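Each chain is listed here by its residues.
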Amino acid sequence: MSGAKLNGTTGEDEKSPPEQKSKQIRVWCDGCYDMVHFGHANSLRQAKALGDKVIVGIHTDEEITKHKGPPVFTEEERVKMVKGIKWVDEVVLGAPYVTTLEVLDEHNYDITMTAEGVDTYHLVKKANRYKEVKRTAGVSTTDLVGRMLLLTKNHFRQGSAEYAIEKEGSSNMGQDSAAKSPWTGCSQFLPTTQKIIQFSDGKAPKPGDKIVYVAGAFDLFHVGHLDFLEKARQLGDYLIVGLHTDPVVNSYKGSNYPIMNLHERVLSVLACKYVNEVVIGAPYCVTDELLDHFKVDVVCHGQTQITLEDGKIDPYALPKTRGTFTLIDSSNSMTTERIVERIISHRLDYEQRNKAKEKKEIEAYEALQRAKLTQKAG
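Residues numbered from 1 in each chain as written. Predicted model: local features only at pLDDT ≥ 70, side-chain atom pairs only at ≥ 80, totals over all residues. Heavy atoms only, no water.

## Describing the overall build of the chain
Consideration 1: In terms of regular secondary structure, the chain is built from 14 helices and 11 strands.
Consideration 2: Considering the chain as a whole, with its 378 residues, one finds that 49% of them fall into the buried category.
Consideration 3: Long-range contacts, defined as pairs at least 24 residues apart, comprise 75% of the intrachain contacts of the chain with a sequence gap of at least 6.
Consideration 4: Per element, the accessible surface of the chain, about 18200 Å² overall, is 51% carbon and sulfur. (Helix = DSSP H or I, 4+ residues; strand = E, 2+ residues; numbered from the N terminus. Buried < 20%, exposed > 50% of the residue type's maximum accessible area, 1.4 Å probe, protein only. Contact = heavy atoms within 4.5 Å. Areas by Shrake-Rupley, 256 points an atom, 1.4 Å probe, with all protein chains shown as cover.)

## Quick word on helix α8 (residues 223-233)
Consideration 1: Most of α8 sits out of view: eight of its 11 residues are buried.
Consideration 2: Listing the buried residues of α8 in full gives V223, G224, H225, L226, D227, F228, L229 and A232.
Consideration 3: Buried residues along α8 sit against α3 (75-83), β7 (211-216), β8 (238-243), β10 (298-301) and α13 (336-345).

## As for the sheet that holds strand β9 (residues 277-280)
Sheets are built from strands paired through backbone hydrogen bonds, the pairs being either parallel or antiparallel.
Consideration 1: Overall, parallel pairing links the five strands, which are arranged β9-β8-β7-β10-β11 in an open sheet. Two strands bound the open sheet, and with one partner strand each, they are β9 and β11 (325-327). Going across the sheet, the axis of each strand differs from the next one's by a mean of 25°, ignoring polarity.
Consideration 2: Summarising the sheet, β7 and β8 pair through six bridges and their orientation is parallel. Along β8, the bridge assignment pairs V212 with L239. (Pairing = 2+ DSSP bridges. Axes fitted to C-alpha atoms, helices over the stretch in contact; angles between N-to-C directions.)

## So, the packing of α3 against α8
Consideration 1: One can describe the packing of α3 onto α8 by two numbers: an axis separation of 10 Å at closest approach and a directional angle of 45°. As the angle between them shows, α3 and α8 are arranged oblique. Here α3 runs over α8; the crossing is left-handed. Here E77, K80 and M81 of α3 come into contact with α8, specifically with V223, L226 and D227.
Consideration 2: Taken together, the residues of the contact of α3 with α8 sort by class into three nonpolar, no polar and three charged. (Parallel < 35°, antiparallel > 145°, perpendicular 65-115°, else oblique. Left-handed = near helix turned anticlockwise from the far one by under 90°. Nonpolar A, V, L, I, M, F, W, Y, C, P; charged D, E, K, R; others polar.)

## Thoughts on α13
Consideration 1: What α13 keeps buried is the set T336, I339, V340 and I343. In a view along the axis of α13, the buried residues occupy a sector of 100°, so they form one face of it. Along α13, the residues that are exposed and aim more than 90 degrees away from the buried face are E341 and S345. (Arc of directions from axis to C-beta.)

## Considering the environment of F199
Consideration 1: Here F199 is to be found in helix α7 (residues 193-199).
Consideration 2: For the pair formed by F199 and L267, sequence separation is 68 residues and the distance between their alpha carbons is 6.7 Å.
Consideration 3: Every residue in contact with F199, bar those within four places of it in the chain, is listed here: F38, A41, N42, R45, K86, W87, L267, L270 and A271.

## Details of the pattern of salt bridges
Consideration 1: Inspection of the entire model under this criterion finds 11 salt bridges.
Consideration 2: Across the pair D246 and R265 runs a salt bridge, and its minimum N-O distance is 2.7 Å. Here the residue D246 occupies a position in helix α9 (residues 246-253), and R265 occupies one in helix α10 (residues 262-270), the gap between them amounting to 19 residues.
Consideration 3: Residue D246 is classed as buried on the basis of its relative accessible area, which comes to 0%.
Consideration 4: Note on R265: relative accessible area 0%, which makes it buried.
Consideration 5: Salt bridges sharing common partners tie together D288, D292 and R322. (Salt bridge = Lys/Arg side-chain N within 4 Å of Asp/Glu carboxyl O.)

## A word on the nonpolar core
Consideration 1: In this structure, V56, V214, F218, L229 and V241 are the most contacted members of the largest nonpolar core, which totals 60 residues.
Consideration 2: Composition of this core by domain shows at least three residues from each of domain 1 (26-132) and domain 2 (193-327).
Consideration 3: Leaving out residues up to four positions away in the same chain, V241 has contacts with Y213, V214, F218, L229, V269, V275, E277, V278 and V279.
Consideration 4: Membership of the second largest hydrophobic core comes to 14 residues, among which are Y213, A282, V299 and F325. (Core = buried A, V, L, I, M, F, W, Y, C linked by side-chain atoms within 4.5 Å. Domains from an automatic or database assignment.)

## With respect to the pairing of strand β3 (residues 53-58)
Consideration 1: In terms of burial, β3 is a largely internal element, five of the six residues being buried.
Consideration 2: Running through helix α1 (residues 38-50), the crossover from strand β2 (residues 23-31) to the neighbouring parallel element β3 is right-handed.
Consideration 3: Note: β3 against strand β4 (residues 90-93), four bridges, orientation parallel. Across the sheet, V56 pairs through a bridge with V91, a residue of β4. (Right-handed = clockwise from strand over helix to strand, strands pointing away.)

## Some points on the packing of aromatic side chains
Any pair of aromatic rings gets described here by the distance separating the centres and the angle formed by the planes.
Consideration 1: According to the stated counting rule, one finds four aromatic pairs in the structure shown.
Consideration 2: Where W87 meets F199, the ring centres are 5.3 Å apart and the plane angle is 80°; that geometry is what we call edge-to-face. Here W87 is found in the loop between α3 and β4, whereas its partner F199 is found in helix α7, with 112 residues between them in sequence. As far as the burial class goes, W87 and F199 line up, both buried.
Consideration 3: Summarising the aromatic geometry, the rings of Y316 and F325 are spaced 5.0 Å apart at their centres and angled 40° between planes, so their arrangement reads as tilted. Residues Y316 and F325 agree in their burial class; the two are buried.
Consideration 4: One Lys or Arg, K320, reaches over the ring of F325 and ends 5.2 Å from the middle of that ring. (Phe/Tyr/Trp six-rings, centres within 6.5 Å; stacked < 30°, edge-to-face > 60°. Lys NZ or Arg CZ within 6 Å of the ring centre and 35° of its normal.)

Dropping the structure here:
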């Protein structure tokens with residue numbers, strides 16, 4: 001998923017008094033960053049806490065295909081997505097799959113990190129320039145690809161009446177009961193208020209700020225969403241994103257949407273550097289109460305079709321009446337549906353990739369458990 005190196009640099013002469021030195025810790029993270037999700041963002045948030053600057057190295061399409069199988073997104077799309085994460089300072093394309101000390105020294109990095117099951121950091125570990133961050137349980141690219149391949153709604157079944165939507169067809173889809181990776185099992189993510197606080201910048205709008213509001217599903221947060229939010233943010237000083245609940249999204253998207261449940265979508269959107277605040281479970285129809293409470297100046301929507309509530313009610317009727325509604329052209333045609341089409345069109349390739357990835361993770365997990373038992377036995 002990601003790797004990071006930590007390096008301390010100083011613009012002062014080495015003989016300068018300690019109090020005059022201005023040491024900057026540079027943290028290097030590298031990985032595929034394919035289908036960037038809040039798990040990637042969380043690792044980069046932790047990387048930022050280790051130093052002053054986070055630089056992300058991204059593998060090329062050729063490297064990923066060679067070592068793991070075909071990526072879902074192109075390297076250009078992956079670079080753009082990582083640049084959009086609020087904790088990232090720089091992005092470097094063409095990072096080697098196996099991290100070397102030469103890479104760290106060339107760019108003056110101190111620390112490397114990873115949350116990956118496969119060890120490609122043995123060289124920097126020996127040099128004591130490696131740190132590992134805690135992996136975000138319950139989400140992975142493998143899991144998300146699997147959800148699309150299985151075409152099941154179980155990923156947003158939360159146990160309460162609000163989320164207990166009937167699934168279409170069998171959730172097993174022919175799967176056997178073999179052991180699954182503890183890192184990529186479906187729907188393991190447990191939302192907490194602490195995690196939301198960690199992702200939020202916690203800043204309220206300043207007096208006089210122009211407030212912009214957008215709403216939607218923002219499912220499988222992608223480059224189309226990123227470009228749209230960047231354009232929306234340019235219309236004001238403070239951007240609020242309203243996220244619809246899973247049942248509401250399913251009512252206008254149909255099929256097995258949303259792929260990601262509401263809590264997962266909240267963190268994915270909060271990790272975007274253009275977003276200041278998220279309304280969790282925003283009403284589908286924009287209301288007077290919402291506009292007045294947040295003092296919204298501009299309400300935006302993209303070029304996708306606006307679905308009428310109950311087939312007859314325009315969800316943007318009120319901001320249109322107020323003269324605060326505007327359409328945005330992000331000049332990006334990427335949609336969640338197009339991502340699913342990419343996965344389905346290469347179904348066999350991704351199924352094989354997922355199986356191989358899960359096998360490696362199970363082996364790594366079992367080895368870790370054996371090491372713990374050995375250590376406990378003395």
